[in-house]
Amino acid sequence: MAGRGRPRAFDRNEALHQAMRVFWSCGYEGASMNELSQAMGINKPSLYAAFGCKETLFREAIELYGREQSAPVSEALEKGDTARGSIERALRVNARCYTAPDNPRGCMVVTAALAGAPENSPVCRFLTENRRENEACFRRRVERGISDGDVPESADPARVAAFYVTVLHGLSIQARDGASCAALERVVDSAIAAWDAIAR
């Protein structure tokens, strides 16, 4: 009778959360396997056995980030009465998330994008796809606004989405540079003040 394998001596979900925080703080290239192993509380052989290679671990960490950190943004976009109100709320939710004292600053997807070595091109493409999907969510909300009548029919949803996602990425970088939530909120004030011109 074949013996059963030894149970893992660690909480996989907790280990993944710790890996997420390392990638969030350091980016993909900046996060070493030693740092990841230490933060996760497991040795390298156990890490590889549980998660595979660094890229696979990173992809899981990004998925976890999306589930936990992006959910309030998706809710803001879906539940707002108007496209303008929904996008404003999404920006403000992110401003608070990017400066939350219990988390690394900024957006993990933007921070981790500092992967530039040729061997990391699959990671770069993966992050690009994530950012494009985020922009598509904004575009779909503007399209819904046109259908609902709160956005002019002449508006270009792709143009509006590109502008506000660019603001979103800028908020992340400002947060990494130490900007306060109040400072980011003022940027959001200015971005929303430009709505009529952008969505014309």
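Everything numeric here is computed off the predicted structure, so don't read it as measured data. (Residues numbered from 1 in each chain as written. Predicted model: local features only at pLDDT ≥ 70, side-chain atom pairs only at ≥ 80, totals over all residues. Heavy atoms only, no water.)

Participant: What is the right way to read the overall build of the protein chain from this model?
Facilitator: Scanning the protein chain from N- to C-terminus turns up 11 helices and zero strands. Along the protein chain, helices and strands appear, N-terminal first, in the series α-α-α-α-α-α-α-α-α-α-α. The principal-axis extent of the C-alpha atoms belonging to the protein chain is close to 70 × 40 × 30 Å. Here the protein chain, with 200 residues, has 42% of them falling under the buried criterion. Positive and negative charge centroids in the protein chain, built from 26 and 26 side chains respectively, lie 4 Å apart. (Helix = DSSP H or I, 4+ residues; strand = E, 2+ residues; numbered from the N terminus. Buried < 20%, exposed > 50% of the residue type's maximum accessible area, 1.4 Å probe, protein only. Lys, Arg positive; Asp, Glu negative; His and termini not counted. Charge placed at Lys NZ, Arg CZ, Asp CG, Glu CD.)

Participant: Sorry if this is basic, but what is going on with the environment of Ser37 here?
Facilitator: Here Ser37 is to be found in helix 2 (residues 33-40). Note: C-alpha distance between Ser37 and Leu47 (10 residues apart in sequence) is 6.8 Å. What Ser37 contacts, discounting residues up to four positions off in sequence, is Ile42, Asn43, Lys44 and Leu47. (Contact = heavy atoms within 4.5 Å.)

Participant: What exactly am I supposed to notice about the pattern of salt bridges here?
Facilitator: Any two side chains of opposite charge can pair, on the condition that their charged atoms come close. Enumeration according to the criterion identifies 12 salt bridges in this entry. Note that Glu60 is salt-bridged to Arg12, the shortest N-O span being 2.9 Å. Of the two residues, Glu60 sits in helix 4 (residues 54-69) while Arg12 sits in helix 1 (residues 12-30), which places them 48 residues apart along the sequence. The salt bridge partner of Arg144 is Glu78, with a shortest N-O separation of 3.9 Å. On the criterion of sequence distance, the pair formed by Arg144 in helix 8 (residues 121-148) and Glu78 in helix 5 (residues 71-79) is long-range, its members being 66 residues apart. Put simply, Glu88, Arg92, Arg96, Glu185 and Asp189 are held in one network by salt bridges that share partners. (Salt bridge = Lys/Arg side-chain N within 4 Å of Asp/Glu carboxyl O.)

Participant: I tried to follow the side chain of Arg92 on my own but got confused; where do I start?
Facilitator: Tracing the backbone through its elements, the reader meets Arg92 in helix 6 (residues 83-98). A relative accessible area of 16% means that Arg92 is categorised as buried. Side-chain polar atoms of Arg92 contact the side chain of Glu185, separated by 2.4 Å. Those residues in contact with Arg92 that lie beyond four places of it in its chain are Glu185, Val188 and Asp189. (Polar contact = N/O pair within 3.5 Å; in protein donor to acceptor, adjacent residues only side chain to side chain.)

Participant: I would appreciate a short explanation of the UniProt feature "DNA-binding region" (unreviewed entry) in the protein chain in the present structure.
Facilitator: Mapped onto this structure's residue numbering, the UniProt feature "DNA-binding region" (unreviewed entry) falls at residues 32-51. As annotated, residues 32-51 has a helix share of 80% and a strand share of 0%, and its two end C-alpha atoms lie 15 Å apart. (UniProt positions renumbered as here; feature names shortened; annotations may be inferred.)

Participant: Looking at this structure, how should I read the packing of aromatic side chains?
Facilitator: Ring pairs (aromatic) are described by centroid distance and by the angle formed between their planes. On inspection of all chains with the given rule, the structure shows seven aromatic pairs. Ring centres of Tyr28 and Phe58 lie 5.0 Å apart, and the angle between their planes is 65°; this geometry places the pair in the edge-to-face category. With Tyr28 in helix 1 and Phe58 in helix 4, the pair connects residues that are 30 residues apart, well separated along the chain. Tyr28 sits in the buried class, given a relative accessible area of 6%. On the basis of an interplanar angle of 75° and a centroid distance of 6.4 Å, the ring pair of Phe58 and Phe126 is categorised as edge-to-face. A residue pair is termed long-range when its members are at least 10 positions apart, and Phe58 in helix 4 and Phe126 in helix 8 qualify at 68 residues. Each member of the pair, Phe58 as well as Phe126, carries the same accessibility label: buried. If you follow Lys54 out to its NZ or CZ, it ends over the ring of Tyr28, 4.6 Å from the centre. The lysine or arginine in question, Arg59, covers the ring of Phe126, its NZ or CZ lying 4.5 Å from the ring centre. (Phe/Tyr/Trp six-rings, centres within 6.5 Å; stacked < 30°, edge-to-face > 60°. Lys NZ or Arg CZ within 6 Å of the ring centre and 35° of its normal.)

Participant: Is there a simple way to think about the environment of Phe58 in this case?
Facilitator: Classification of Phe58 as buried rests on a relative accessible area of 0%. With 30 residues separating them along the chain, Phe58 and Tyr28 place their C-alpha atoms 7.3 Å apart. Setting aside residues no more than four positions away along its own chain, Phe58 makes contact with Phe23, Tyr28, Met108, Ala112, Val123, Phe126 and Leu127.

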